[in-house]
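# Remarks on the overall topology
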Amino acid sequence: MRILILLLFPLFSYSQISIGILESSRFFLADSTAPKAFIIAANITDGTQISAIYSLAFGLQRLGLWTKMKAIYPMVGGVASSHKYNLKDPRDLDAAYRLLFSGGWTHSSGGAKADGTTGYAISYLNTSTLGINNIHLSYSIRNPNTKAGYLWGVSNGVDAVTRFANSFYSVNDLTADLYSNSKLINFSILTRTASNSKKIYIDGSVAASSSTASVATANIPIYLNVENNFNAPVANTYSNSECSFASIGDGLSDADASNLNSLVQSFNTTLNRQIIIPTVSDADAQLFLNAAVITDSTQANAINDLVVGLKADGLWTKMQVIYPFVGGTASTHKFNLKSPFDLNSSFRLDFFGGWTHSSTGAKPNGTNGYASSYFLSSSQQNVNSNGIGMYITEFTVAGADPVQMGDFRSVTQGSLIRTTATSADARLNGSSINTIISGGGGSFDAQRTSSTVTTVYKNGSSVGTGNSGGTLPTSADGIYLGTLNLVGGPYAAGYTNSEFRFAYFSEGLNSTEIANLRTRVQAYQTSLSRQL
């Protein structure tokens, strides 16, 4: 008999066997019709995905969540024709609340990712159908803090009935600022269980609540990854978040939210698409790791040790911008450790021209590569206490007059560090300081600590001083890295191809602080095996 069974198995597909085994399992609950129909409709044949779907459905049923759901989008299968289906009612109909994708989307095993400019999906579920006082929206994000658009959105044209955003979530008056949250936002829920009971959950815990009465509903469909305003996407609310799970349904209690969070996290972990960010001791370091999505433990520990060390030396509060250049890609190298959000106002870098990003840092090509920091010295720094610095691989002469970093308007209004094979030229708002420096890379700092004194340092030691004066430079896009921001644009004759491994802008630092900074930065580079 055993031999006969083995011989018959090849007559059935793996998915049929998997479904049969799961349906006969002792864990089988009340409703297997919907998950079975979903698997067939979405053409899911992978055994792991089939198991994950059944486990999710059975978990929702066991915990009393299944009946509270109107639409469940598991985003499994890797293509739009699979991602569109509603697990609760997997018919290809508007009435079944299947998604209609529009504009730019990328579909993969990780989920559905909109382009942030045209991509959205229609759910065909109206808030008026759900009832304004008994509703929830959920969204599992794989790439947090990438664009401040809406994850779910619908507006009646006067008040936003439901705005569920990547940068903040709000229900009328209720807002939770995710940019101040130090955790990776894996899964979030917005819910309303009464007119005066609204809550936002982040990873299963309450992030914000409100007892203010709600406004009227909007009798138009809720859109995914943008706000629907009278059946038209709002251009400035598109999100480029990648969705790995979403749901719409009745309002959820604290216990419901906690249970749904656990089920979704388990579901995505089974599918090997749950982003695991190492947990570190310092909250500021954790915030950066979450924003840059740093998953490597060595890199995470290096960032944590750097932040802890800077704080121990009293340097953290004096540093205004820090670019640690960790993670190996432009999307990780752009973040400012002091304020790690993808905003001009947070001074994240915008890379232009030719750059090579790797585990050792960010290297411009020396001909057109530069990065804008949006850090405006004139409004961010004190004219008598300011500084800039960097950790680079080597001096280069890629251009006629290479500049590593700077913003320049005139001889009395400029901040720059310019290096060649044998010298460094630093200017902080006044007289230029030229000093002969032996070749090779390392730490270079220019610090102004009074109305008259600017000091240049290499590897923690002073190599020259000069008289300061003048005012701070003004520009629309601030200090550049890779060249000089010369009167509102890159300095064509001043591109460098030095590789950046660390850079910063600060208040004026004294010689002891510079020596301590050098020690911390060198330890950071050593922990990443890229020290000079």
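Read on for an overview of the structure. (Residues numbered from 1 in each chain as written. Predicted model: local features only at pLDDT ≥ 70, side-chain atom pairs only at ≥ 80, totals over all residues. Heavy atoms only, no water.)

## Looking at the packing of aromatic side chains
What counts is decided by this rule: Working definition: a ring pair exists when centres of Phe, Tyr or Trp rings (six-membered ring for Trp) sit within 6.5 Å. Plane angles under 30 degrees give stacked, over 60 give edge-to-face, the rest tilted. Helix numbering and strand numbering both begin at the N terminus, where a helix is a DSSP run of H or I of at least 4 residues and a strand a DSSP run of E of at least 2. Residue burial is assigned from relative accessible area. The probe radius is 1.4 Å, only protein chains are included, and a residue is buried under 20% of its type maximum, exposed over 50%, and partly exposed in between. Either the NZ atom of lysine or the CZ atom of arginine qualifies as a charge over a ring when it sits within 6 Å of the ring centre and within 35 degrees of the ring normal.
Tallied over the full model, the rule gives 17 aromatic pairs. Here Y73 and W152 contribute two aromatic rings whose centre-to-centre distance is 6.3 Å and whose plane-to-plane angle is 40 degrees, an arrangement assigned as tilted. With a gap of 79 residues between them, Y73 in strand β1 (residues 69-73) and W152 in strand β7 (residues 150-155) connect regions that are remote in the sequence. W152 shares its class with Y73; the two are buried. Both rings, one in F347 and one in F375, keep their centres 5.2 Å apart while their planes meet at 75 degrees; by these two values the pair is edge-to-face. With F347 in the loop between α10 (330-333) and β18 (350-352) and F375 in the loop between β21 (370-372) and α11 (377-380), the pair connects residues that are 28 residues apart, well separated along the chain. Grouping residues by exposure puts F347 and F375 together as buried. Site record: aromatic cluster; members linked through ring pairs are Y323, F325, F347, F351, W355, F375, F500 and F505. Positioned above the aromatic ring of W66 is the side chain of K88, whose terminal nitrogen or guanidinium carbon lies 5.4 Å from the ring centre.

## Points about empty space enclosed by the protein
We apply this condition: Grid points spaced at 1 Å and placed over the protein atoms alone form the basis of the search, with a cavity being a set where a 1.4 Å probe fits but cannot get out and a pocket an open set showing protein on both sides within 12 Å along at least five of seven lines. Lining residues have an atom within 4 Å of a point. Grid points are joined across faces, edges and corners, and a volume is the space filled by probe spheres set on the points. Each residue is assigned to one class: nonpolar for Ala, Val, Leu, Ile, Met, Phe, Trp, Tyr, Cys and Pro, charged for Asp, Glu, Lys and Arg, and polar for all the others, Gly among them.
One pass over the structure, following the stated rule, counts four cavities of 30 Å³ or more. At the level of elements, β22 (386-392), β27 (442-448), β32 (500-506) and α12 (511-527) are the ones that each hand at least two residues to the lining of the largest cavity. Here the element with the most residues in the lining of the largest cavity is α12; it accounts for four residues. Residues that form the lining of the largest cavity fall into these classes: eight nonpolar, one polar and two charged.

## Focus: the packing of helix α9 (residues 297-312) against α12
Note the threshold: In this description, a line fitted to the C-alpha atoms serves as the axis of each element, helices being fitted only across the stretch in contact, and the angle between N-to-C directions of two axes falls anywhere from 0 to 180 degrees. Each angle receives one of four descriptions, namely roughly parallel if under 35 degrees, roughly antiparallel if over 145, roughly perpendicular if within 65 to 115, and oblique otherwise. In this description, contact between two residues means that some pair of their heavy atoms is separated by no more than 4.5 Å.
Their axes nearest at 9 Å, the elements α9 and α12 cross at an angle of 170 degrees. As the angle between them shows, α9 and α12 are arranged roughly antiparallel. Along its contact with α9, which presents T298, A302, I303, L306, G309, L310 and A312, the element α12 presents L517, R520, Y524 and S527. In terms of residue class, the contact of α9 with α12 is built from seven nonpolar, three polar and one charged.

## Observations concerning the pairing of strand β17 (residues 319-323)
To keep things clear, this is the line we draw: Note: two strands are recorded as paired if DSSP finds a minimum of 2 bridges between them.
Buried residues dominate β17, accounting for four of its five residues. Here β17 pairs with β32 via four bridges, running antiparallel. Following the sheet pairing, Y323 is matched in β32 by A503.

## Some thoughts on the packing of helix α8 (residues 283-292) against α9
Put simply, the rule reads: In a left-handed crossing the near helix is turned counterclockwise from the far helix by less than a right angle, and in a right-handed crossing that turn is clockwise.
Look at α8 against α9: their axes get within 9 Å of each other, and the N-to-C directions meet at 145 degrees. Note on packing geometry: the crossing formed by α8 with α9 is right-handed. From α8, D284, A285, F288 and L289 reach across to α9, where they touch A300, I303, N304, V307 and K311. Split by residue class, the contact of α8 with α9 holds six nonpolar, one polar and two charged.

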